[in-house]
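Structure assessment
Listed here are the chains, written in short residue letters.
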Amino acid sequence: MEKVRTRFAPSPTGYMHIGNLRTALYAYLFAKSQHGDFILRIEDTDRARYVADAVEFIKNTLAAAKIIPDEGPGFGGNFAPYIQSERMDIYKKYAEELVESGHAYRCFCNHGEEKNSAPDDEKKFGGYNRHCRELSPEEIEKNLSEGKPYVIRQKMPLAGETTFFDVLHGNITISNSELEDQILLKSDGMPTYNFANVVDDHLMEVTHIIRGTEFITSTPKHVLLYEFFGWEIPKFIHLAPVMGKAEDGTVSKLSKRHGATSFNDLIEAGYLPEAITNYVALLGWNPKSNQEIFSMPELIEKFSLDGLSNSPSVFDYNKLGWMNGEYFKAMSDEDFAKSAEKFFCGLYENSPEKKNYLAGILKTRVSRFGEIPDMIKFLETMPPLDVELFTNKRNKVTPEKSVAIIEPAVEIFSGIENWTPDELNEKISAFVEKTGLKIGTIMWPLRIALSGQKVTPGGVTEILYLLGKEKSLERLNSGLNFLKNISD
RNA sequence: GGCGCCUUCGUCAAGUGGUUAAGACACCGCCCUCUCACGGCGGGUUCAAGGGUUCGAAUCCCUUAGGCGUCACCA
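Notes on the structure follow. (Residues numbered from 1 in each chain as written. Chains lettered and ligands numbered in written order. Predicted model: local features only at pLDDT ≥ 70, side-chain atom pairs only at ≥ 80, totals over all residues. Heavy atoms only, no water.)

1. Section: the sheet that holds strand 11 (residues 251-253)
Here we have three strands laid out as an open sheet, ordered 11-10-12, and mixed in their pairing. Edge positions in the sheet fall to strand 11 and strand 12 (313-314), since each has one partner strand and no second. Looking at chain direction, strand 10 (residues 242-245) and strand 11 are connected through three bridges and run antiparallel. Bridging across to strand 11, Gly-244 finds its partner in Ser-252. (Pairing = 2+ DSSP bridges. Helix = DSSP H or I, 4+ residues; strand = E, 2+ residues; numbered from the N terminus.)

Structure, rendered in structure tokens:
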């Protein structure tokens, strides 16, 4: 059987939309699951959209997502170059071939003039009015000798229809009258996407074209090209788009208004690359089992085309967050601390022990690293106190009672030499027992005085340890002062 | 507008003529608990609408509606 070869063919825009990443992932997974090759090809035929370093950006993003091309710019391969702008002579040659065989023609019409001025009823030609389609050899010669710029257009059949098979959608038929005499080669000598992708996919022996549904309607044009050349037609797999849901409930293609939409945005928000890949893999593909957490090797092993969905799916930040949390929980405290490094904002830079301890507390409490700074702010800066905070009905705590609890607690803490979580726990337990009060009643005022917050990551013991003896006592004492001043 | 694609809980989805219509996220409740989490247990919510075909339809057919895409010297 023929070796499976797929490709990911982005244009170098310096931005990796999550839908694009998913397309790349599926193309990669399919190739690898079939022991085939995955090719990276850069479609940079639009000079106006050239972005510096975009190729490096794409390669870095794929690397971060653990999608490794077998061939491509910088990866080697027998079909180089893999950057379309470096293949211009190839397209030129094939375009000329088509002109020779009568399937394409030179068009000297002025830049979009005819198209734009065409009355509506001429639109039925599909845009261009085909003015140059039947130019006489003399006219062509004349234009050529005058040095008039031209493009090469594909000569579409005037009647009939074109059918192609899509693995996900079955047979799709489009009437040839819908097809424009599209441009194959632009006046600057660059090919258009619709031409270059056909030539390259054939030359690079791509067997399965995996791309977005937005290409369905132009696929008949590609198919016609394959037929003109007498080339074998590859298998098509058109993927449904990734959608976003706006606050008003409307669903549309995932875009900025929905929040982070690129792989990089997501990384910056503090999601793990593995989690993003894992989540995205499941957005439009199901493994036919209830497993949801997959490593890349597992994904490759389990992937199959018939698990692909042909309907659009909405990107759910909630579920991504959950999945990311699953990865967090599976990490060691050390690894979490290391990955979350920059979100700790320099806290405990010189105390790996405390940093790891904090990581252990945080990793079950955040769904992305980006939530960390707000959560740990109080450790660095004490928030202003409010008497209200010292009142808690459920635990029967009042400001007065708080004084009675904090005062002896300060004394006990002052006597602790070995400031460790275990030691602290022991002393607090003894204290609770001695007072005969409920543990919640004791802890409430301490937490407030220590953090200024009703809600904290971890409990009083954890906070005491993280704050350290000096800072803890300082906060407890100023809490005491605060309460005493209030009652005066 | 023409053409094309799509339509099972709020979201991801299983399902291919006979099921109490899985599972997950989210949500709600309870338990655990010094707060918040974690963990455990339980709950509500779904076949776009209307016609057929059939003993029987989420599954097959038709119509309608809605969503999305496409109609570039962009990919």
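Still more ground to cover, so stick around.
2. Things to note about the packing of aromatic side chains
One pass over the structure, following the stated rule, counts 19 aromatic pairs. Judged by centre distance (4.8 Å) and plane angle (65°), the ring pair of Phe-315 and Tyr-317 falls under edge-to-face. We classify Tyr-317 as partly exposed; its relative accessible area is 24%. In this structure an aromatic cluster arises from ring pairing among Tyr-26, Trp-285, Phe-294 and Phe-303. Across the ring face of Tyr-15, the terminal group of Lys-256 is positioned such that the distance to the ring centre comes to 4.9 Å. (Phe/Tyr/Trp six-rings, centres within 6.5 Å; stacked < 30°, edge-to-face > 60°. Buried < 20%, exposed > 50% of the residue type's maximum accessible area, 1.4 Å probe, protein only. Lys NZ or Arg CZ within 6 Å of the ring centre and 35° of its normal.)

3. A few points about the sheet that holds strand 4 (residues 151-154)
The strands making up a sheet are joined through hydrogen bonds of the backbone, oriented either antiparallel or parallel. Across the sheet, which stays open at both edges, the three strands sit in the order 3-4-7 with antiparallel pairing between neighbours. Across the chains shown, the open sheet's two edge strands, defined by having one partner strand only, are strand 3 (104-107) and strand 7 (183-185). Within the sheet, the average angular offset between the axes of one strand and its neighbour, ignoring direction, is 45°. Where strand 3 and strand 4 come together, four bridges link them in antiparallel fashion. Paired with Ala-104 across the two strands is Gln-154, which belongs to strand 4. (Axes fitted to C-alpha atoms, helices over the stretch in contact; angles between N-to-C directions.)

4. Things to note about the state of the cysteines
Per the counting criterion, the structure on display carries zero disulfides. Take Cys-107: it sits in no disulfide, and the sulfur closest to it among the cysteines is that of Cys-109, at 3.8 Å. In this structure Cys-107 comes out as buried when scored by relative accessible area, which is 1%. (Disulfide = S-S within 2.5 Å.)

5. Quick notes on the protein's contact with RNA strand B
Around RNA strand B, the surrounding shell holds 58 residues, and the nearest of these are Thr-45, Asn-286, Glu-292, Thr-364 and Arg-365. Of all RNA strand B atoms lying within 4 Å of any protein atom, the proportion belonging to sugar or phosphate reaches 74%. In the environment of RNA strand B, a phosphate oxygen lies 2.4 Å from a nitrogen or oxygen atom belonging to the side chain of Thr-45. For the surface near RNA strand B, the secondary-structure elements that each account for two or more residues are strand 6 (170-175), strand 10, strand 11, strand 12, helix 11 (317-330), helix 17 (439-451) and helix 18 (460-487). Of the residues contributing to the surface near RNA strand B, the split by class is 17 nonpolar, 21 polar and 20 charged. (Near = heavy atom within 4 Å. Polar contact = N/O pair within 3.5 Å; in protein donor to acceptor, adjacent residues only side chain to side chain. Nonpolar A, V, L, I, M, F, W, Y, C, P; charged D, E, K, R; others polar.)

6. Things to note about the pattern of salt bridges
Across all of its chains, the model carries 27 salt bridges by this definition. In this structure, Lys-3 engages Asp-37 in a salt bridge whose closest nitrogen and oxygen atoms are separated by 3.3 Å. Taken as a pair, Lys-3 in the segment before strand 1 (5-8) and Asp-37 in strand 2 (residues 37-40) lie far apart in primary sequence, 34 residues in all. The class of Lys-3 is partly exposed, set by a relative accessible area of 45%. Ionic pairing is found between Glu-146 and Lys-142, a salt bridge with its closest N-O pair at 3.4 Å. Given the relative accessible area of 49%, Glu-146 is considered partly exposed. Three or more residues joined by partner-sharing salt bridges are found here, namely Arg-7, Arg-41, Glu-43, Arg-87, Asp-200 and Asp-201. (Salt bridge = Lys/Arg side-chain N within 4 Å of Asp/Glu carboxyl O.)

7. Quick look at unusual backbone geometry
Of note, the amide linkage connecting Ala-80 to Pro-81 takes the cis form, showing an omega dihedral of -5°. With respect to the element layout, Pro-81 can be found in the loop between helix 2 (54-64) and helix 3 (88-100). With phi around 60°, His-35 is a residue other than glycine that occupies positive phi space. Relative to the elements of secondary structure, His-35 occurs in the loop between helix 1 (18-33) and strand 2. Here Lys-288, not a glycine, exhibits a phi torsion of approximately 60°, which is positive. Overall, the relative accessible area of 60% leaves Lys-288 in the exposed class.

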